[in-house]
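Take a look at the letters that make up each chain.
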Amino acid sequence: MKRYVAGEKHAVAFTLNGRERQGWCEPRMLLSDFLRQQLGATGTHVGCEHGVCGACTVLINDEPARACLTLAVQAEGARVDTVEGLHDGAGGLNDLQQAFRRHHALQCGFCTSGILMSCEAFLRHTPCPDEKQVREMLSGHLCRCTGYAGIVKAILEVAASRREASHA
Amino acid sequence: MDGADGGWCVKPPVFDYLRVDTVDEAVELLAKYGEDARVLAGGQSLLPMLNMRLAQPRVLIDITRCAGLDRISAGGALEVGAAVTQAALERRGTLQAESPLLARALPHISHFQVRSRGTVCGSIAHAEPSAELPLVLAALNGSVSLRSRKGRRELGAGAFFTGMLATARRADELVEAVRFPLAGQGERQGFSEFSLRHGDFAVVALAASVTPARIRLAVGGVDDRPRVVEWPRLSGSALDDGLNELAWSLDARNDPHASARQRRQLVRRLGRELIGVLCA
Ligand SMILES: Cc1cc2nc3c(=O)[nH]c(=O)nc-3n(C[C@H](O)[C@H](O)[C@H](O)COP(=O)(O)OP(=O)(O)OC[C@H]3O[C@@H](n4cnc5c(N)ncnc54)[C@H](O)[C@@H]3O)c2cc1C
Ligand code: FES
Ligand code: FES
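Residues numbered from 1 in each chain as written. Chains lettered and ligands numbered in written order. Predicted model: local features only at pLDDT ≥ 70, side-chain atom pairs only at ≥ 80, totals over all residues. Heavy atoms only, no water.

Participant: Explanation requested: the overall build of chain A in the structure shown.
Facilitator: Within chain A one finds 5 helices and 6 strands. Shown N-terminal to C-terminal, the secondary structure of chain A runs as helices and strands in the order β-β-β-α-β-β-β-α-α-α-α. The C-alpha atoms of chain A give 17 Å as radius of gyration, which agrees with the globular expectation for 168 residues (15 Å, within 12%). Counting only C-alpha atoms and orienting by the principal axes, one finds that chain A spans roughly 50 × 35 × 25 Å. At a minimum sequence separation of 6, the contacts of chain A that also span at least 24 residues come to 52%. By element, 50% of the accessible surface of chain A is carried by carbon and sulfur atoms, the whole surface being about 7200 Å². Averaging the positions of the 18 positive and the 18 negative side-chain charges in chain A gives two centres separated by 3 Å. (Helix = DSSP H or I, 4+ residues; strand = E, 2+ residues; numbered from the N terminus. Rg over C-alpha atoms; globule rule 2.2 N^0.38 Å. Contact = heavy atoms within 4.5 Å. Areas by Shrake-Rupley, 256 points an atom, 1.4 Å probe, with all protein chains shown as cover. Lys, Arg positive; Asp, Glu negative; His and termini not counted. Charge placed at Lys NZ, Arg CZ, Asp CG, Glu CD.)

Participant: Can you help me understand the interface of chain A and chain B in this one?
Facilitator: By convention, interface size is frequently given as the accessible area that disappears when the constituent parts associate. The interface of chain A with chain B comprises 42 residues on the first partner and 41 residues on the second. There are 3 salt bridges connecting chain A and chain B. Those elements that provide at least two residues to the side of chain A that touches chain B are strand 1 (2-4), helix 1 (31-38), strand 4 (57-60), strand 5 (63-66), helix 3 (112-125) and helix 4 (131-138) of chain A. Looking at side-chain class alone, the side of chain A that touches chain B contains 19 nonpolar, 12 polar and 11 charged residues. Bridge count between strand 1 of chain A and strand 1 (residues 16-19) of chain B: 3 bridges; the pairing is antiparallel. Across the sheet, A:Arg3 pairs through a bridge with B:Leu18, a residue of strand 1 of chain B. (Salt bridge = Lys/Arg side-chain N within 4 Å of Asp/Glu carboxyl O. Nonpolar A, V, L, I, M, F, W, Y, C, P; charged D, E, K, R; others polar. Pairing = 2+ DSSP bridges.)

Participant: Would you take a moment to explain the site of ligand 1 for this structure?
Facilitator: Residues in contact with ligand 1 amount to 32 residues; listed here are only the nearest, B:Arg38, B:Val39, B:Ser45, B:Leu46 and B:Thr119. What surrounds ligand 1 is not a single chain but chains A and B. At 3.4 Å from an oxygen atom of ligand 1 is found a main-chain nitrogen or oxygen belonging to B:Ser123. Expressed as a share of its isolated accessible area of 960 Å², the protein-covered part of ligand 1 is 95%. Elements represented by at least two residues in the shell around ligand 1 include exactly strand 2 (37-40), helix 7 (120-126) and strand 10 (174-181) of chain B. Among the elements that line the shell around ligand 1, the one with the most residues is helix 7 of chain B, at 4 residues. Along the lines of polarity and charge, the residues of the shell around ligand 1 split into 14 nonpolar, 14 polar and 4 charged. (Near = heavy atom within 4 Å. Polar contact = N/O pair within 3.5 Å; in protein donor to acceptor, adjacent residues only side chain to side chain.)

Participant: Which parts of the structure should I look at to understand the packing of helix 3 of chain A against helix 5 (residues 149-167) of chain A?
Facilitator: Helices that pack against each other are described as a pair by the angle of their axes relative to one another and the distance between those axes. Residue and element names in this part refer to chain A. Closest axis-to-axis distance for the helix 3/helix 5 pair is 12 Å, and the angle between their directions is 35°. Like other packed secondary-structure pairs, helix 3 and helix 5 cross with a definite hand, here right-handed. Here helix 3 contributes Ile115, Cys119, Glu120 and Leu123 to the contact with helix 5, which in turn contributes Ile151, Ile155, Val158, Ala159 and Arg162. When the residues that make up the contact of helix 3 with helix 5 are grouped by side-chain class, the tally is 7 nonpolar, no polar and 2 charged. (Axes fitted to C-alpha atoms, helices over the stretch in contact; angles between N-to-C directions. Left-handed = near helix turned anticlockwise from the far one by under 90°.)

Participant: Would you mind showing me how to read helix 1 (residues 23-33) of chain B here?
Facilitator: Residues lying three or four places apart along an α-helix face the same way, a consequence of the helix completing one turn every 3.6 residues. Every buried residue of helix 1 of chain B is accounted for by B:Val23, B:Ala26, B:Val27, B:Leu29, B:Leu30 and B:Tyr33. Down the axis of helix 1 of chain B, the smallest arc covering the buried residues is 160°, so these residues share one side. Packing partners of the buried residues in helix 1 of chain B comprise strand 1 of chain A together with strand 1, strand 2, strand 3 (59-62), strand 6 (143-148) and strand 10 of chain B. One or two positions beyond helix 1 of chain B, positive phi appears at B:Gly34, with a value near 50°. (Buried < 20%, exposed > 50% of the residue type's maximum accessible area, 1.4 Å probe, protein only. Arc of directions from axis to C-beta.)

Participant: Help me understand the packing of aromatic side chains, please; the structure alone is not making it clear to me.
Facilitator: Each pair of aromatic rings is reported with the distance of its centres and the angle of its planes. All names here are of chain A. According to the stated counting rule, one finds 4 aromatic pairs over all chains in the structure shown. Relative to phenylalanine 34, the ring of phenylalanine 14 has its centre 5.7 Å away and its plane inclined at 55°; by these criteria the two rings are tilted. Taken as a pair, phenylalanine 14 in strand 2 (residues 10-16) and phenylalanine 34 in helix 1 lie far apart in primary sequence, 20 residues in all. The same class applies to phenylalanine 14 as to phenylalanine 34, namely buried. The ring of tyrosine 4 carries the charged tip of lysine 2 above its face, separated from the ring centre by 4.9 Å. (Phe/Tyr/Trp six-rings, centres within 6.5 Å; stacked < 30°, edge-to-face > 60°. Lys NZ or Arg CZ within 6 Å of the ring centre and 35° of its normal.)

Participant: For this particular structure, what's the right way to read the domain arrangement of chain B?
Facilitator: Residue and element names in this part refer to chain B. For chain B, the assigned domains read domain 1 (16-62), domain 2 (72-181) and domain 3 (188-279). For domain 1 versus domain 2, the separation of C-alpha centres amounts to 18 Å. At the junction of the two partners, domain 1 supplies 14 residues and domain 2 supplies 13 residues. For the pair domain 1 and domain 2, the summed buried surface comes to about 1200 Å²; carbon and sulfur atoms form 69% of the total. A per-residue breakdown of the area domain 1 buries against domain 2 is headed by Val27, Leu30 and Gln44, which together make up 35% of the total. Where domain 1 packs against domain 2, one counts 2 salt bridges. Run the count over domain 1 and domain 2 and you get 2 residue pairs in polar contact (both at pLDDT 80 or more). (Domains from an automatic or database assignment. Buried area = accessible area lost by both parts, 1.4 Å probe.)

Participant: Quick question: what am I supposed to make of the sheet that holds strand 7 (residues 151-156) of chain B here?
Facilitator: In any sheet, the strands associate via hydrogen bonds between backbone groups, in a parallel or an antiparallel arrangement. All names here are of chain B. Strand order across the open sheet formed by 5 strands is 4-5-10-6-7, with antiparallel pairing between neighbours. Of all the strands in the sheet, the pair left with one neighbour each is strand 4 (72-74) and strand 7. Strand after strand, the sheet turns through a mean of 20° between neighbouring axes, direction not considered. As paired elements, strand 4 and strand 5 (residues 77-81) share 3 bridges and run antiparallel to each other. Bridge assignment links alanine 74 to a residue of strand 5, and that residue is leucine 78. Along the sheet, helix 8 (residues 132-139) contacts strand 6 and strand 10; its crossing angle with strand 10, the most-contacted strand, is approximately 55°.

Now the structure itself:
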């Protein structure tokens, strides 16, 4: 058993985007605040802080999680992936990010980092999604700018191109 | 952002966080702290309550890394351990054959991004009146395995759910697993839900199991807990009368999502449709 005492700061370490990171926090600190305030990883955004808007969505051991509904101490020893970790291998945008740009799938960008992380997990579980499945997945995110149409197009396009690449 | 005391901003109230490795440790701690402790499973109901400070436990006991709790097994029933997420059950390849009702109901729970963390047992332990899993457990006449330092006991769904967010679980007990009976030969199961948007809590949800001999119908979202009726194979106006009587027997709520009257009407309409399909 491991005990983290109230009101005191404890070391918390996990693998963030492939790098070992450590910070200090009280047991009650949310993962969203820990990422932003302790580790300076401000790509993860915070909207509602009760699980509804999806802005804070990250991957924990490859599965999507609301960082606002996760305590930092719960991530101890885990693999955490955030939008900062998405790239094409050469420091540029990855295919999903590029498709978002092409299809105007973002305007202010507040919702985008959460949606991108969800998509990465979704496309792994559902490599051949239809539009209905994409829209169902997107029901876990609120976007106040785009009206979702561009987001749906971008995701469907990337699903198709990743499928092609994996068959090639 | 820095807090006024130069520290960091945090939302939840203070608590000790204890991460246990075994069920024995968990029940020891529950025996010690009782009402002052909360089990932390997926956190998808508990963390919102902490963030809004609707709950202020002294101790959180995180059971998600307990050995053995992440198991799903199918003997006479589908037994789901306390650390199994809703997503893990949803992805089980044999679920459609084992429990068509669960397979139909699970996608209605919240969103992909929440089911990946939320547990099956956590939803049952939380006992939200509109939640899908308590409804399914009640419809199938399933049961809950409770474990304390003193031993184990098994409660049927009817005895377990006692009201709005209230159950017969004692403060020193862990919900160790829940059991959903497997679908029988010749049994047909169905699910129907009305909610404002996909993934929202149900305004009214119905779960039904029909065999050549009887109809079992469970209603969620209307009363303070899932309500179940069992009828012979009613049809036509007898079915309408049965549904009408059922609708009036429920303590229907008015809330911002729907009036009591709308809820009763949904019970009649959705009930008619669902049973019509299953008895066809
Ligand atoms: C945006 C959003 C939308 C949602 N929509 C829906 C919906 O449409 N339908 C629905 O059914 N649910 C919905 N939920 C709730 C979700 O399904 C939760 O996952 C579930 O209610 C609780 O499971 P959990 O594992 O997250 O439990 P937790 O949040 O960890 O715990 C909930 C409560 O149960 C207790 N508990 C948990 N596990 C145990 C155990 N093994 N033994 C004893 N006590 C235990 C905890 O102490 C706590 O009091 C939604 C949640 C969010 C954030
Ligand atoms: S900030 Fe986490 S879901 Fe809105
Ligand atoms: S791009 Fe502005 S909220 Fe989605």
